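# A closer look at the structure
The lines below spell out each chain.
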Amino acid sequence: MKSAVIVFPGSNREGDVLRALKSAGSQAEKVWHAETELPKGTDLVVLPGGFSYGDYLRCGAIAGRATVMDAVRAHAARGGLVLGICNGFQILCESGLLPGILMRNANLKFICHRQFLRVERNDTAFTKAYAKGQAIDVCVAHGEGNYTADEETLKRLEGEGLVAFRYSDAQGHITQDANRNGSMNSIAGIYSDKLNVLGMMPHPENLIEDLVGGTDGRGLFESLVSSFARAA
Amino acid sequence: MKARVTVTLKNGVLDPQGKAIEGALKSLGVEGIAGVRQGKVFDIELGTADKAQAEAALKAACEKLLANTVIENYRVELT
Amino acid sequence: MKARVTVTLKNGVLDPQGKAIEGALKSLGVEGIAGVRQGKVFDIELGTADKAQAEAALKAACEKLLANTVIENYRVELT
Amino acid sequence: MIRNDVAITPELVKEHGLKADEYERFVKLIGREPTITELGIVSAMWNEHCSYKSSKIHLRGLPTSAPWVIQGPGENAGVIDIGDGLACIFKMESHNHPSFIEPYQGAATGVGGILRDVFTMGARPIAALNFLRFGEPDHPKTAHLVSGVVAGIGGYGNSFGVPTVGGSVGFDKRYNGNILVNAMAVGLARTDEIWYAKATGVGNPIVYLGSKTGRDGIHGATMASAEFDDASEEKRPTVQVGDPFAEKLLLEACLELMKSGAVIAIQDMGAAGLTSSAVEMGAKGNLGIELDLDKVPCREEGMTAYEMMLSESQERMLMVLKPGMEKQAEAIFHKWGLDFAVIGKTTDTLRFVIKHEGEVKADLPIKELGDEAPVYDRPWVESPRQPVISAESVKAPMSEAEALLKLVGSPDQCSKRWVWEQYDHLILGNTVQTPGGDAAIVRVEDGPKGLALTTDVTPRYCEADPFEGGKQAVAEAWRNITAVGGLPLAITDNLNFASPERPESMGQFVGCLKGIGEACKALDFPVVSGNVSLYNETNGQGILPTPAIGGVGLIDDVTVNASIAFKNEGEAIILIGATAGWLGQSLYLRDVCGREDGAPPPVDLVQEKRNGEFVRQLIRSGQVTTVHDLSDGGIALGLAEMAMAGDVGAEITAMPEGLPLHAFLFGEDQARYLIAVDEDVAADILYEAGAIGIPAVTLGLTGGDALILPGQRAISVKQLKAAHESWLPAYMTGKS
Ligand SMILES: Nc1ncnc2c1ncn2[C@@H]1O[C@H](COP(=O)(O)OP(=O)(O)O)[C@@H](O)[C@H]1O
Ligand SMILES: [Mg+2]
């Protein structure tokens, strides 16, 4: 599998996700935001975490309008896979690839902590390596991760099974306490209609080694790589 | 020429920040505030003296970047 | 009663946000914008019909929370 | 001839923070009345912050070298060799005064400044730490300052993309009018790719990089050395606003430019901005500098030479480039969206010449600006000796169990989770030990090495006995690094003291420095960088003497380390080091008995070294993975922290001999560690310790869900945690 990690001015977790992709067996390279095309043969586009353009104006707003995003949109329209993590999720929402928006955390503070997520479905390219309903232990690090959408959008996301992950406790129960940023329906990540675009606030890329907190994040990258191993 | 663009959340869109500010004001002992909604203003210096040109530039700026028209409204005043 | 509080950066205080927006507008091809400074607005619903009370509450809200008076100015309009 | 259109009055001189005799010295040096720009320049260069005039002679006593030290104090940051061709570059710096005036921006720009110091030398920052002291919790300003400072540190570091992995937070009424915000940054570079401030070559271009210049913080450097009074809250427009986004771009652009081979010298613009960076580059290189201020990128209209020379706008750098490389350098900076301008050149005149709008605004001898700055041997008096308090003379006002619960939930000892959860401590994926333990551990690149990082000092000890307190601060940093398995290599210090013009506080400074020096020598732990912050006082009330120590240690194999958490049930808990039950200046005495007196615990550096080496070897040989050093709150607090971190209780059965229980449990004797090991291994360890004369005793066993102290009611780990975790969040939401 070939991954392109888009780097915007202010991206800062591109190295973390490159490491995760490579250790799962993907080829991966950085692509500068001013490019108009993706590298040939790109299977997966990753929008990494960070503070693109300082997160000034609205998180992800300026990056969402960068030149390279046209190429990313085209890639998604062809059914190509796109993964947006944290700031990447915010960029996906701002660029119209995913619905809704990420608002300031309910406590108005940046929060960085370990967090369990419930895997809502395991039949997508992103989650095959997990069990449905499994609680995975990853981390979050964001100031604006409070997922918000209008009622209709929310209904559609829920009705069509487009919620990818929810904040949960260690047993996979969805509780108020586990939803620290105040997201609607405890949403931590969502898919696009065709399940080929995933945006999520938590950082699976930081949980890929026992030495550094655990390996529950690996499944996501391994799922992606294995999807292509079979296809190829 | 100068302009002020005001961007506010559409009615019905939840404003967690405004809510938190309400809460904070209460705990600071500020009484008599029943609701807060937060928005943004942009004070813009225009590079043109032509009103029509200025308005076009401002509209473009708002639509393309300053407001997320899915959830926000904007208003432009030339000053 | 309602009020709008506008909070803007004092003159001379660096506005990293405004600077980034200026740059973004340029690269989006929006022409004719020479400068941007970003501020905040708060649309406030007051729990009182008494003007003097409302004004006192708003002043307290601004000084204590809404504006960082070290670097920001604020203006209150009852609407 | 240089035109002088502002008359330099005694008032003007005073406003610039120069004493009359200092001004006279300057006039004599240049042989004429200075221009206003020159007055500004000298006031910046000769203030305490830049000239170290009160501290210089005492700093000379510190040990600064070791075989692994590549660069000691005197550059932007200290550099040590960590093997494999890699260098660790680090420094700590204060932003106390700006943070008191505007906590968010003050703290944010403090972080920005220290990150810049580190990447100016070619290092990519890999970790940040911070050392914070606030006024008493009940003071009306404290919560606001905590909230702003913490948000500011997070706001800058998180966006910049460096993990903030450790620090320290404390409260004391002595910081009511003068908080401490010290930030430390740690970076990594190749040993053959380190950059210095020294300019070389005549006629080489001097370039300005980064953000534009505005009227930010004009007189900030003078402010950092001026005492506070009630009017200083009016000094507002000098506040600088940080732009972490610009700094991140500056980092990437600088590292890219350094790789291109275009850079001769580089210096960040920190305190006293363009003035001190330019003078430093020239003076170090024995060269003159000529600047044309018309070329300086400005953000505001009509800025004068005076303003440009003193502006402290953030996220700016000055470089000397190889001639002919300007275009290439400019392209790199423009790619990153940053300003780039050639603003001057190096000369062979040894003069610092400033031109603006066709006129010479300053023409000063460059070396003398630094070398001829006043140096003071200020009068000082030794701090009065405190009596040693015998353990028997201190009555326990409550049971030991209640006392422990009280301490665990006290402002100083409660969990600082509320703080460090606002910091991204996981970014870069190398944080092996997160905040909450003895020292943080970050892996170096892909391993196998790691760095152990900590910041420490116990100000109440330093006040009661500056010499022992200074020793203790270094020893504690050394111990915290040792406790995770690190080999302590070097420190950076941030010396926060009150006015040097009062002999008592000068005495504290002198005493602490002697203690620091002595401990550094004994422990092979040299000082490679640091910062002095004097005049920390309000209306004549000084802060506690607070020489914060930032320590760096090396772990050869980062997978072999120790943490404080009890990991298994049924393990033997062994206390290493001697216990005399020292209660003088202990937390127990202060927070449980309400007394702040007595001599602090003495630090025996020989024992310190011997005990530490023993523990480190136990960790490195893989025999022990659960270790906690003992400091504030003694054995009892140490046990509680180990139990809470691991969610495993413990029962302590060893009763002290000839010591009151509270002195045994809460005494703060130094050079001690608690470890927990399998019972079989325990016997070996006790034997080994005994063989080389290190005191070691088994206190009890881990297990159960409560901590049981001898003869005391069981306190459930849950209850401990509730007390430990609740104070700060409750306080910050106004519910305590
Ligand atoms: N301001 C802070 N930022 C990050 N971590 C902090 C901060 N304050 C305290 N901590 C963390 O909390 C833990 C306990 O701190 P402290 O009681 O000072 O430890 P010790 O007594 O071992 O020096 C440490 O891991 C420390 O890094
Ligand atoms: Mg410790």
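Residues numbered from 1 in each chain as written. Chains lettered and ligands numbered in written order. Predicted model: local features only at pLDDT ≥ 70, side-chain atom pairs only at ≥ 80, totals over all residues. Heavy atoms only, no water.

## Observations regarding the overall build of chain B
Just so we agree on the cut-off: Runs of H or I in DSSP of at least four residues are treated as helices and runs of E of at least two as strands, each being numbered from the N terminus. Note that the radius of gyration is over C-alpha atoms, with the globule rule given as 2.2 Å times the number of residues to the power 0.38. Note on definitions: a residue-residue contact is assigned when non-hydrogen atoms from the two residues lie within 4.5 Å. For the area figures, the Shrake-Rupley method with a 1.4 Å probe applies, and any residue is considered shielded solely by the protein chains shown. Positive charge is attributed to Lys and Arg, negative charge to Asp and Glu, and no charge count is given to His or to the chain ends. Lysine's charge is taken at NZ, arginine's at CZ, aspartate's at CG and glutamate's at CD.
Helix and strand counts for chain B come out as two helices and three strands. Going residue by residue from the N terminus, the α and β elements of chain B occur as β-α-β-α-β. Taking 12 Å as the expected radius of gyration for a compact globule of 79 residues, we find that chain B reaches 16 Å, considerably beyond that expectation. With respect to the three principal axes, the spread of C-alpha positions in chain B is 50 × 25 × 15 Å. Counting only contacts in chain B whose residues sit at least 6 apart along the sequence, the fraction spanning at least 24 positions is 72%. By element, 50% of the accessible surface of chain B is carried by carbon and sulfur atoms, the whole surface being about 3800 Å². Counting 11 positive and 10 negative side-chain charges, chain B places the averaged centre of each group 4 Å from the other.

## Looking at the relation of the copies chain C and chain B
The operation linking the two copies of the chain is a rotation about an axis combined with a translation along the axis. What counts is decided by this rule: Superposition of the copies was done by least squares, using only C-alpha atoms of residues whose pLDDT is at least 70 in both.
In the superposition of chain C on chain B (RMSD 0.2 Å, axial shift 0.0 Å), the rotation amounts to 180°. Given the turn and translation reported, the copies of this chain are related as if by a two-fold rotation axis. Within chain C, the C-alpha atom positioned nearest to the axis of rotation is that of K40(C), 2.2 Å from it. Interface overlap between copies: 100% of the residues of chain C at the interface are likewise at the interface in chain B, consistent with a symmetric, same-surface contact.

## Thoughts on the interface of chain C and chain B
So the rule is basically this: Here the quantity called buried area is the total loss of accessible area, with a 1.4 Å probe, experienced by two parts when brought into contact, counted for both. A pair is scored as a salt bridge if a Lys or Arg side-chain nitrogen falls within 4 Å of a carboxyl oxygen belonging to Asp or Glu. A 3.5 Å cut-off defines polar contacts: any pair of N or O atoms within that distance qualifies, except that in protein one atom must be a possible hydrogen donor and the other a possible acceptor, and neighbouring residues in sequence count only when both atoms are side-chain atoms.
The interface is formed by 34 residues belonging to chain C together with 34 residues belonging to chain B. With both sides pooled, the region where chain C packs onto chain B buries about 2600 Å², and carbon together with sulfur makes up 69% of that total. Here chain C and chain B share zero salt bridges between them. Between chain C and chain B we count 12 residue pairs in polar contact (both at pLDDT 80 or more) in total. Mapped by element, the contributors of at least two residues to the side of chain C that touches chain B are β1 (2–9), α1 (16–27), β2 (33–46) and α2 (51–66) of chain C.

## Regarding the interface of chain D and chain C
In plain terms, the rule: Three categories are distinguished: nonpolar for Ala, Val, Leu, Ile, Met, Phe, Trp, Tyr, Cys and Pro, charged for Asp, Glu, Lys and Arg, and polar for the others, with Gly belonging to the last.
Listed per partner, the contact involves 13 residues of chain D and nine residues of chain C. Roughly 940 Å² of surface becomes buried between chain D and chain C when both sides are summed, with 61% attributable to carbon and sulfur atoms. Counting every contact that joins chain D to chain C gives one salt bridge. A salt bridge links D243(D) to K19(C); the nearest nitrogen and oxygen atoms lie 3.3 Å apart. Counting every contact that joins chain D to chain C gives three residue pairs in polar contact (both at pLDDT 80 or more). Here the side of chain D that touches chain C is composed, by residue class, of four nonpolar, three polar and six charged.

## Here we look at the arrangement of the chains
By contact count, the leading pair among the five pairs of chains in contact is chains B and C. Looking at chain B next to chain D, you find no contact at all, with the nearest C-alpha pair sitting 7 Å apart.

## Describing the site of ligand 1
Residue and element names in this part refer to chain D. So the rule is basically this: Proximity is defined per residue: if any heavy atom of the residue lies within 4 Å of a molecule or strand, that residue is considered near it.
In the neighbourhood of ligand 1, 17 residues make up the surrounding shell, with N130, G167, G436, G437 and D456 lying closest. One nitrogen or oxygen atom from the side chain of D438 is found 3.4 Å from an oxygen atom belonging to ligand 1. Residue D456 places a side-chain N or O atom 2.8 Å away from an oxygen atom belonging to ligand 1. Contact with the protein chains removes 84% of the 550 Å² of surface that ligand 1 exposes when unbound. Counting only elements with at least two residues in the shell around ligand 1, the list comes to β5 (164–171), α16 (417–420) and α18 (466–483).

## Focus on the coordination of the magnesium ion (ligand 2)
The expected angle between donors at a tetrahedral four-coordinate metal is 109.5 degrees. At an octahedral six-coordinate metal it is 90 or 180 degrees. Residue and element names in this part refer to chain D. To keep it simple, the criterion reads: Coordination here is defined by N, O and S atoms within 2.8 Å of the metal (3.2 Å for Na, K and Ca), and since water is not considered, a site can look incomplete. Only protein chains enter the accessibility calculation, which uses a 1.4 Å probe. A residue is then buried if its area is under 20% of the maximum for its type, exposed if over 50%, and partly exposed in between.
At 2.1 to 2.3 Å from the magnesium ion (ligand 2) lie its protein donor atoms, namely D438 (OD), N480 (OD1) and D629 (OD). Coordination of the magnesium ion (ligand 2) draws on donor residues from a single chain, spaced D-x41-N-x148-D in sequence. Here N480 is found in helix α18, whereas its partner D629 is found in strand β23 (residues 626–629), with 149 residues between them in sequence. Judged on exposure class, the residue N480 and its partner D629 are both buried.

## Quick notes on the sheet that holds strand β1 (residues 2–9) of chain B
The condition is simple: In this description, strands pair whenever DSSP reports at least two bridges between them. Axes here mean lines fitted to C-alpha atoms, for a helix over just the part in contact, with angles spanning 0 to 180 degrees between N-to-C directions.
The strand order across the open sheet formed by six strands is β3(B)-β1(B)-β2(B)-β2(C)-β1(C)-β3(C), and the pairing between neighbours is antiparallel. Lying at the two open borders of the sheet, with one neighbouring strand each, are β3 (72–78) of chain B together with β3 (72–78) of chain C. Between one strand and the next, the sheet's axes are offset by a mean angle of 25°, whatever the strand orientation. Sheet topology note: the strand β2 (residues 33–46) of chain B/β2(C) ladder contains 13 bridges and is antiparallel. Within β2(C), the residue paired with V36(B) across the bridge is I44(C). Together, β2 of chain B together with β2 of chain C form the strand contacts of α1(C), whose direction differs from that of β2(C) by roughly 125°.

## Some thoughts on the packing of aromatic side chains
Here is the rule: Here the aromatic set is Phe, Tyr and Trp, taking the six-membered ring for Trp, and pairing holds for ring centres within 6.5 Å; pairs whose planes are under 30 degrees apart are stacked, those over 60 apart are edge-to-face, and all others are tilted. Here, a charge over a ring means that NZ of Lys or CZ of Arg falls within 6 Å of the ring centre while also lying within 35 degrees of the ring normal.
If you walk through the whole model with that rule in mind, you get 15 aromatic pairs over all chains. Geometrically, the ring pair formed by F89(A) and Y147(A) is stacked, given 6.0 Å between the ring centres and 10° between the ring planes. Residue F89(A) is located in helix α3 (residues 87–94), and its partner Y147(A) is located in strand β8 (residues 146–148); the two are separated by 58 residues in the primary sequence. Like F89(A), the residue Y147(A) is buried in the burial classification. Considering the side-chain rings of F119(D) and F160(D), the 6.2 Å spacing of their centres and the 15° angle between planes classify their relative orientation as stacked. Residue F119(D) is located in helix α7 (residues 103–119), and its partner F160(D) is located in helix α8 (residues 142–160); the two are separated by 41 residues in the primary sequence. There is no split in this pair, since F119(D) and F160(D) are both buried. Taking NZ or CZ as reference, K335(D) lies 5.2 Å from the ring centre of W32(A), over its face.

## Quick notes on unusual backbone geometry
Residues and elements named next belong to chain D. With an omega of 0°, the peptide bond running from G447 to P448 counts as cis. With respect to the helices and strands, the residue P448 is situated in the loop between β15 (440–443) and β16 (450–456). Of note, E445 is a non-glycine position whose phi angle comes to about 45°, a positive value. Residue class for E445 comes out partly exposed when judged on its relative accessible area of 46%.

## Looking at the side chain of N105(A)
Residues and elements named next belong to chain A. Residue placement: N105 occurs in the loop between β5 (101–103) and β6 (111–119). The exposure class of N105 is buried, given its relative accessible area of 0%. Residues within four places of N105 in sequence aside, it is in contact with F110, I111, H142, G143, E144, G145, N146 and N181.

## So, the pattern of salt bridges
In this structure the tally under the stated criterion is 66 salt bridges over all chains. Among the salt bridges present, the one from D424(D) reaches R13(A), with a minimum N-O distance of 2.7 Å. Here R13(A) lies in the loop between β1 (2–7) and α1 (14–23) and D424(D) lies in the loop between α16 and β14 (431–433), a pairing that spans two chains. Each of the two residues, D424(D) as well as R13(A), counts as buried. Residue D137(A) pairs with R114(A) through a salt bridge whose shortest N-O separation is 3.0 Å. Taken together, the residues span a long stretch of sequence, with D137(A) in strand β7 (residues 135–142) and R114(A) in strand β6 at a distance of 23 residues. Note on D137(A): relative accessible area 18%, which makes it buried. R114(A) sits in the partly exposed class, given a relative accessible area of 40%. Connected via shared salt-bridge partners are R58(A), R65(A), E94(A), K40(B) and E72(B).

## Details of the sheet that holds strand β10 (residues 187–191) of chain A
Residues and elements named next belong to chain A. What the nine strands build is an open sheet, ordered β2-β1-β3-β4-β11-β10-β9-β6-β7; its pairing is mixed. A single partner strand is all that each edge strand has here, and the edge strands are β2 (27–32) and β7. Taken pair by pair, the neighbouring strands of this sheet meet at an average axis angle of 25°, ignoring direction. As defined by bridge partners, β1 adjoins strand β3 (residues 44–47) across three bridges and the pair is classed as parallel. Counterpart to A4 in the pairing with β3 is V45. Across the sheet, helix α4 (residues 151–159) is in contact with β9 (163–168) and β10; its angle to β10 comes to roughly 75°.

## Looking at helix α2 (residues 68–77) of chain A
Residues and elements named next belong to chain A. What counts, and what does not: In this description, one arc is meant: the one made by directions from the helix axis to the C-beta atoms.
Considered for burial, the residues of α2 that qualify are V68, M69, A71, V72, H75 and A76. Summarising the axial view, the buried residues of α2 lie within an arc of 155°, below the 170-degree limit, and thus occupy one face. In α2, the exposed residues that point more than 90 degrees away from the buried face are D70 and A77. If you follow the buried residues of α2, they end up packed against β1, β2, β3, β4 (81–85), α3 and β11 (197–200).

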